[in-house]
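Fold and contact review
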Amino acid sequence: MTTSTRLKYPTSYRFQVVCLMPDGKESDHWTDLKETAHGVARSMRERNPGASRVVVYDHSPTSTEF
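We now turn to the structure provided with this report. Everything numeric in this text was worked out from a predicted model, so none of it was measured. (Residues numbered from 1 in each chain as written. Predicted model: local features only at pLDDT ≥ 70, side-chain atom pairs only at ≥ 80, totals over all residues. Heavy atoms only, no water.)

1. Notes on the nonpolar core
Short version of the rule: For our purposes a nonpolar core is just a set of buried Ala, Val, Leu, Ile, Met, Phe, Trp, Tyr and Cys residues, chained together by side-chain atoms within 4.5 Å. Residue burial is assigned from relative accessible area. The probe radius is 1.4 Å, only protein chains are included, and a residue is buried under 20% of its type maximum, exposed over 50%, and partly exposed in between. Helix numbering and strand numbering both begin at the N terminus, where a helix is a DSSP run of H or I of at least 4 residues and a strand a DSSP run of E of at least 2. Note on contacts: a residue pair qualifies if any of its non-hydrogen atoms lie within 4.5 Å across the two residues.
With 10 residues, the main nonpolar core is built from Phe15, Val17, Cys19, Ala37, Val40, Ala41, Met44, Ala51, Val54 and Val56. Ranked by residue count, the leading element in this core is helix H1 (residues 34–47), at 4 residues. In this structure, valine 54 is in contact with Val17, Val18, Cys19, Ala41, Met44, Arg45, Thr64, Glu65 and Phe66, ignoring residues within four places of it in sequence.

2. Some points on the pairing of strand E1 (residues 15–20)
Put simply, the rule reads: DSSP bridges decide pairing: two strands pair if at least two such bridges lie between them.
Burial within E1 is extensive, with 5 of its 6 residues counted as buried. Alignment of E1 against strand E2 (residues 26–31), held across 6 bridges, turns out to be antiparallel. The residue of E2 that forms the bridge with cysteine 19 is serine 27. Remark: 5 residues form the turn of the hairpin made by E1 and E2, two consecutive strands paired antiparallel; glycine 24 in that turn has positive phi of roughly 95°. Here 5 bridges tie E1 to strand E3 (residues 53–57), and the two strands are oriented antiparallel to one another. Looking across to E3, one finds that leucine 20 is bridged to arginine 53.

Printed below as a string of structure tokens:
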């Protein structure tokens, strides 16, 4: 299952939130705001406490895990 948002005006920086479940299913969400990405990640973690990983990827080489 994939959920994505569309932007009216593309930006050079995008943030991807990925939720990986133990059964291998993955869902992701794209946004152009860091605060929104972190909010979505927290929400995904709350809704899926058994998720293997909930991670925010951005333009930097590091990721933020929730």
